[in-house]
Amino acid sequence: MLKFVKEHMETIDGVANYPMVSLLIFFVFFVLLFWWVFTATKEHIREMSELPLDNEDQQNKL
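Conventions we followed
- Residues numbered from 1 in each chain as written.
- Predicted model: local features only at pLDDT ≥ 70, side-chain atom pairs only at ≥ 80, totals over all residues.
- Heavy atoms only, no water.
- Helix = DSSP H or I, 4+ residues; strand = E, 2+ residues; numbered from the N terminus.
- Buried < 20%, exposed > 50% of the residue type's maximum accessible area, 1.4 Å probe, protein only.
- Areas by Shrake-Rupley, 256 points an atom, 1.4 Å probe, with all protein chains shown as cover.
- pLDDT = per-residue confidence, 0-100.

Visitor: An account of the overall build of the protein is needed here, citing residue identities and associated values.
Guide: What the protein contains, in helices and strands, is 4 helices and 0 strands. Its helices and strands in sequence order give the protein the pattern α-α-α-α, from N to C terminus. By residue count, 0% of the 62 residues in the protein fall in the buried class. For the protein, the exposed area adds up to about 6500 Å²; of that, 69% sits on carbon and sulfur atoms.

See below:
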């Protein structure tokens, strides 16, 4: 099975570019996520952390 996949992948032109593009997308995603975490305001973080415990809004929706 692995031999079939390996032979099939070798016939694709530019197949060596896919791992580099995947690594680049992975790296950019986590850099942006890291940036978002450190630039988020304390108020926003506190509001999101208290959201599951906010019974007042849930009762108003019912």
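Visitor: Quick one: what's the story with the confidence of the model for the protein, residue by residue and with numbers?
Guide: Chain-level pLDDT for the protein is 84 on average; 87% of the residues reach the 70-or-more range. Mean pLDDT values for the elements of the protein range from 61 in helix α4 (residues 55-61) up to 94 in helix α2 (residues 17-39).

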